[in-house]
Amino acid sequence: MDAFLKFLKKIPILDWVSLGVLLLAGYVLCSHLNQISDLEFGDEAYYGYIANHFFPERPIRGDWGPVYSFWYLFLRIFEQDSVRLYFLNMVVLSTLAPLALYVGLRSAGQPWWLALYFGLVLVFSPLNVPIGVKISVLIFILTMLMIFIARYKNLLAADSLALLTVFATFFSYMRPENILVVGGAVVVGVGLRFYQKRTFLPVFYSLLPLLVLVLCIGLPVSDKATLTFQQDFSANYAVMYPEKVKNLNGWIDYDQIVQIAFGQKVASVPEALKINPGLYFDAHIVANHRGIVDNIKTIFFDLFSPITPLAAGVPHKTKALLLLVVLFVVSIDPRKVIKSAETVWQSAGRPLLFLMVIIAGVAAASYYSSGFKIRYWVLCYSLLPLLVGMVWQFWQLSSRQFAVGNALQKALKITACVLFLGWIAVYLWEQNQKLGAQTKLQTSVARVRYYQKLVASLKNNRDIVAFDPPDQLGTHVNWKCVTWSDYKRDGTFPQFLADRKITFLYFHKFARDYYSSDSSFRAFIKQPPANFAKIYNAPDDEYIFIDVTHLPAGK
């Protein structure tokens, strides 16, 4: 502890100022929460649902992000209400991510101003807006923490890979594809230890957490990769051939769409390849690759968007870029190249190794489950700044030295610092104005609050079983759920409700459209059985039906 306190005292004042600026930027972002964020259902809601039902109703499974759900359980110490808990998680992760990027880049030897610039850009990037699925952002934050630990402990490359093995083990229990990252870190780490003739014991120790988690929870992988393939394939196929899958939804009726496409049931990716490899590559691999270039371009322009207006009026941008490259090459002193490269690698090589192993592992797993649809673009928000910083370091160390007077040099540095701080002030003001001009959201919050109040007024509300996916309202209303996909259309809807003991139904526009072709469902809507009562004045003209045994006396 004393050593760590001494370490903190050595941190330059500019780093504390930079972290303060990033906290201020985070406050600017999150102060407009009700204008830029709303409750999102789907995966993020399901992680919260799992956290609410861990004990004793739901056993811990390794394939649906238990570590992330435990993160929700930790935050519940500070906030019990599920809606406020959702936004607390968004605020915490959206604030921590830029701070983590700054610490990671500084730990990789990058200058404070470069780390602060990219940290500020990340604050207001679409990736960091407090909405959507944030599990990959938590992994990103932990990756930056790992870079800091490797630098603070001054670990060698082989030991750094052992550290990555431990972190990637926990990553695997947030997103299963990281199990390949564990394998990649072990393989590269063993290779380095063999080359350097060092002991292999750290590799064994680094695998102990994985062994413990497998014995306690099970493997982080299951048939989820097949489910991901089926859903992504079905979504692509429905867009490409809408006439073949009328009235079917790619994210719900994926098993039916896959069967229509391949002519039979497909239980795995190898089966799809065996039955019709051309269709698999066309509607899955190729379709998922189309957005790769756009994603990379989006990241690139996000990171450099604050300075691109400076080049708006510059003609022949390509020629100007080539000129800069030529000046970069000409300014380098060949005698310093090798020594400079070694120095840059020593300061930033391990973080780069971390990021490349993680991205390679996730890319390989993504090829199996959903083509190249990588969900870890967040890592590129650190990879590109790291590469930019390494180029800057290399140029500084290997460039030809030109004589400049100390007074002039000091004046130039002060001028650059003042201009940079001025840009920060203008940038924060512009972002605050931009966020404040947005239309207020949180319509889903109002819906959830309506249902929470409605359910609280019912009798025996703990016994309610709702016909609703668990990643929708069930997360926040805390009822037991029977998901939509359990009901196969063109069946007997009232009998299905009786068999599953469903006592609460609500249907918004999507649900009504989805079941519009089901005659039994339409008949239920038009004339519900006597044991179901319709609730009027619902938000957005939703259809709500409640088993009459739950209604208070007199209603």
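The following paragraphs examine the structure supplied in this document. No experiment lies behind these values; they were computed from the predicted model shown.

Some remarks on the overall build of the protein chain
A tally of regular secondary structure across the protein chain gives 26 helices and five strands. Projected onto its principal axes, the C-alpha coordinates of the protein chain cover approximately 90 × 55 × 55 Å. The long-range fraction of contacts in the protein chain, counting pairs at least 24 apart against all pairs at least 6 apart in sequence, stands at 74%. If you sum the accessible surface of the protein chain, you get close to 28,100 Å²; carbon and sulfur atoms cover 65% of it. Within the protein chain, one finds 51 positive and 36 negative side-chain charges whose respective centroids are separated by 9 Å.

Quick look at the pattern of salt bridges
Applying the stated criterion across every chain, the model contains nine salt bridges. The partner of Arg-175 in a salt bridge is Glu-177, with the nearest N and O atoms 2.8 Å apart. One network of salt bridges, with partners in common, ties together Asp-159, Arg-193 and Arg-198.

Observations concerning the packing of aromatic side chains
As enumerated under the stated definition, the model contains 45 aromatic pairs in all. Where Tyr-86 meets Phe-87, the ring centres are 5.3 Å apart and the plane angle is 90°; that geometry is what we call edge-to-face. Taken as a pair, Tyr-86 and Phe-87 share a single burial class, namely buried. The ring of Tyr-543 carries Lys-534 above its face, with NZ or CZ at 4.3 Å from the centroid.

Some thoughts on a nonpolar patch on the surface
Together, Leu-201, Phe-204, Tyr-205, Leu-208, Leu-211 and Leu-215 give the surface a local cluster of nonpolar side chains, amounting to about 630 Å² of exposed area. Among the secondary structure elements, those contributing two or more residues to the nonpolar patch are helix H11 (201-206) and helix H12 (208-216). With respect to the helices and strands, the residue Leu-208 is situated in helix H12.

Focus on the environment of Val-186
Positionally, Val-186 belongs in helix H10 (residues 179-196). A residue is classified by how much of its surface remains accessible, and Val-186, at 18% relative accessible area, is buried. Along the primary structure Val-186 and Ala-162 are separated by 24 residues, whereas in three dimensions their C-alpha atoms are 7.1 Å apart. Not counting the four nearest positions on each side in its chain, Val-186 is found in contact with Thr-165, Val-203 and Leu-207.

Topic: unusual backbone geometry
One non-glycine residue, Asn-460, lies in the positive phi region at around 50°. Among the structural elements, Asn-460 can be located in the loop between helix H22 (443-456) and strand S1 (465-467). Looking at Asn-460, the relative accessible area reads 49%, which means it is partly exposed. In this structure, Lys-501 is a non-glycine residue whose phi angle is positive, near 55°. Counting through the fold element by element, Lys-501 comes out in the loop between helix H24 (493-499) and strand S3 (504-507).

What about the packing of helix H2 (residues 13-30) against helix H7 (residues 112-123)?
One can describe the packing of H2 onto H7 by two numbers: an axis separation of 10 Å at closest approach and a directional angle of 10°. When the interaxial angle is binned, H2 and H7 end up roughly parallel. Between H2 and H7, the contacting residues are Leu-14, Asp-15, Ser-18, Val-21, Leu-22, Ala-25, Gly-26 and Leu-29 on the first element and Trp-112, Leu-116, Gly-119, Leu-120 and Val-123 on the second. Per-class residue counts for the contact of H2 with H7 are nine nonpolar, three polar and one charged.

Notes on the environment of Phe-304
Mapped onto the fold, Phe-304 is located in helix H17 (residues 292-304). Separated by 220 residues in sequence, Phe-304 and Arg-84 have C-alpha atoms that sit 34 Å apart. Setting aside its immediate chain neighbours within four residues, Phe-304 contacts Tyr-117, Phe-118, Leu-384 and Val-388.

Conventions used here
- Residues numbered from 1 in each chain as written.
- Predicted model: local features only at pLDDT ≥ 70, side-chain atom pairs only at ≥ 80, totals over all residues.
- Heavy atoms only, no water.
- Helix = DSSP H or I, 4+ residues; strand = E, 2+ residues; numbered from the N terminus.
- Contact = heavy atoms within 4.5 Å.
- Areas by Shrake-Rupley, 256 points an atom, 1.4 Å probe, with all protein chains shown as cover.
- Lys, Arg positive; Asp, Glu negative; His and termini not counted.
- Charge placed at Lys NZ, Arg CZ, Asp CG, Glu CD.
- Salt bridge = Lys/Arg side-chain N within 4 Å of Asp/Glu carboxyl O.
- Phe/Tyr/Trp six-rings, centres within 6.5 Å; stacked < 30°, edge-to-face > 60°.
- Buried < 20%, exposed > 50% of the residue type's maximum accessible area, 1.4 Å probe, protein only.
- Lys NZ or Arg CZ within 6 Å of the ring centre and 35° of its normal.
- Patch = residues over 30% accessible without salt bridge, like charges linked within 9 Å, V, L, I, M, F, W, Y side chains within 5 Å.
- Axes fitted to C-alpha atoms, helices over the stretch in contact; angles between N-to-C directions.
- Parallel < 35°, antiparallel > 145°, perpendicular 65-115°, else oblique.
- Nonpolar A, V, L, I, M, F, W, Y, C, P; charged D, E, K, R; others polar.

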